[in-house]
Structures are given as structure tokens and as C-alpha cells.
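If you want the building blocks of each chain, they are given just below.
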Amino acid sequence: FLFVIHVVASLNAFLIGESTSRHLGFDPDKTKKQVILLAALLVGAAVASAGIIGFVGLVVPHLVRLLAGPDHRIVLPGSMLLGAAFMLSADLLARTVVSPSELPIGIIMAIIGGPFFLWLLMQEWGGTHFDILTAQNLNFGFNTTHLIENVSFEVPTGSLFSIIGPNGAGKSTTIGIISSLVNQ
């Protein structure tokens, strides 16, 4: 946390450009290396202790930035505090929603983070770049091995959807196949 206090002024100077940051007396290259190293160490420690909790790093800083503006003096500590509260809430939900069993927290994070990420994209692009997507009786396989059989869905303009399932169920494969078919 003390390191964050040390670099907030430099990060705020980055908001107006790297050359301006340099003219204001900051060393952008040194700050970039320090921030990247610290972020890698902190993320590694968090993943080693808590597992992969994908979307917290996407949702929380953007939410803080939307609520409080771009000033890193507010965004960085606010992200730390809101991130902790967000993870505690997600953990509580994961432990209680299917009690007495426990839902993996990564699923809760994906359910919240996936739609939030798509909402951010729609805001960035004005919400007008998504066309209607329809697939009927989608089949895909290699030789005699069927990977996807008779999958049908429709995504109307402006709506969001997510694919949820256990690891190895074919979610990424399905998205990759649909993407390659759409781009043809």
C-alpha cells in the first residue's frame, strides 16, 4: 500500500500523456517497470492463496473510476477497499446460495464479471455494434468425434448472454467455433 502512495502522482501524470509526465519530472519508464513488477507480484500472491478469481480486477477498478473519476489517489485505494468488499460479498454468496454445498467463487465472479465486461464494451462502442446473432442446429466435430451437437440460440441486439459450465465442458470451444463461423 505504501508503494501505491509513492506512485499515484506519477500515475496521475500518465493520464495526460507520457511526454507530459516526463516534463513534470517523473520517470515514466521506471514507474512502468515498478508498477508492472508490483502488480505481477501481488496478482501472483493473490492467485496462489485464493485461486483464480478472474473478473475482480476488471469490475472493481472500472466501477471505482465510474463513481469517483480518474484520479489515482482515489482509484487505487478505492479499488483495494471495494475489491475486498466485493470478494467478501461474492464469497458469502458462493457459500450460501447452494448451502450446504459451496459454489466455486470463480463462478460467482464470472456471472457478475462477464455481463459487466460486455456492458463496458457496449458503453465504449455506444451499444450499436452488436448485431442479432442466431445459430440453429450448430454441429461441430472431428472425424467421428462430435464436440458440439444441435446447439441453437438467439442473441437479440442489446442483450447479453453467458455460457456457464464446469471446466472442460467446451465453453471456450463453443465460443471459438461461433466466432469463426460469424467471421466467415
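Criteria and thresholds
Residues numbered from 1 in each chain as written. Predicted model: local features only at pLDDT ≥ 70, side-chain atom pairs only at ≥ 80, totals over all residues. Heavy atoms only, no water. Axes fitted to C-alpha atoms, helices over the stretch in contact; angles between N-to-C directions. Helix = DSSP H or I, 4+ residues; strand = E, 2+ residues; numbered from the N terminus. Parallel < 35°, antiparallel > 145°, perpendicular 65-115°, else oblique. Left-handed = near helix turned anticlockwise from the far one by under 90°. Contact = heavy atoms within 4.5 Å. Nonpolar A, V, L, I, M, F, W, Y, C, P; charged D, E, K, R; others polar. Patch = residues over 30% accessible without salt bridge, like charges linked within 9 Å, V, L, I, M, F, W, Y side chains within 5 Å. Areas by Shrake-Rupley, 256 points an atom, 1.4 Å probe, with all protein chains shown as cover. Salt bridge = Lys/Arg side-chain N within 4 Å of Asp/Glu carboxyl O. Expected span 1.5 Å × (residues − 1). Buried < 20%, exposed > 50% of the residue type's maximum accessible area, 1.4 Å probe, protein only.

### Description of the packing of helix 4 (residues 56–68) against helix 5 (residues 72–96)
Okay, step 1: Helix 5 packs onto helix 4 with a crossing angle of 125 degrees between their chain directions and a minimal axis gap of 9 Å. The orientation of helix 4 relative to helix 5 falls into the category oblique. Judged by the twist between their axes, the crossing of helix 4 over helix 5 is right-handed. Contacts between helix 4 and helix 5 involve Val56, Val59, Val60, Pro61, Leu63, Val64, Arg65 and Ala68 from the former and Ile74, Val75, Gly78, Ser79, Leu82, Gly83, Phe86 and Met87 from the latter.
Okay, step 2: Here the residues of the contact of helix 4 with helix 5 sort into 12 nonpolar, 3 polar and 1 charged.

### Remarks on a nonpolar patch on the surface
Okay, step 1: A surface patch of nonpolar side chains, amounting to about 470 Å² of accessible area, comprises Leu63, Leu66, Leu67, Leu82 and Trp119.
Okay, step 2: Here the element with the most residues in the nonpolar patch is helix 4; it accounts for 3 residues.
Okay, step 3: Mapped onto the secondary structure, leucine 66 falls in helix 4.

### Remarks on helix 4
Okay, step 1: If you check helix 4, its first and last C-alpha atoms are 18 Å apart, about what 13 residues at 1.5 Å a residue would give, namely 18 Å.
Okay, step 2: All of the buried residues along helix 4 are Leu58, Val59, Val60, Pro61 and Val64.
Okay, step 3: Of the residues trailing helix 4, glycine 69 is marked for its positive phi of about 95 degrees.

What is shown is where atoms sit, not what they do.
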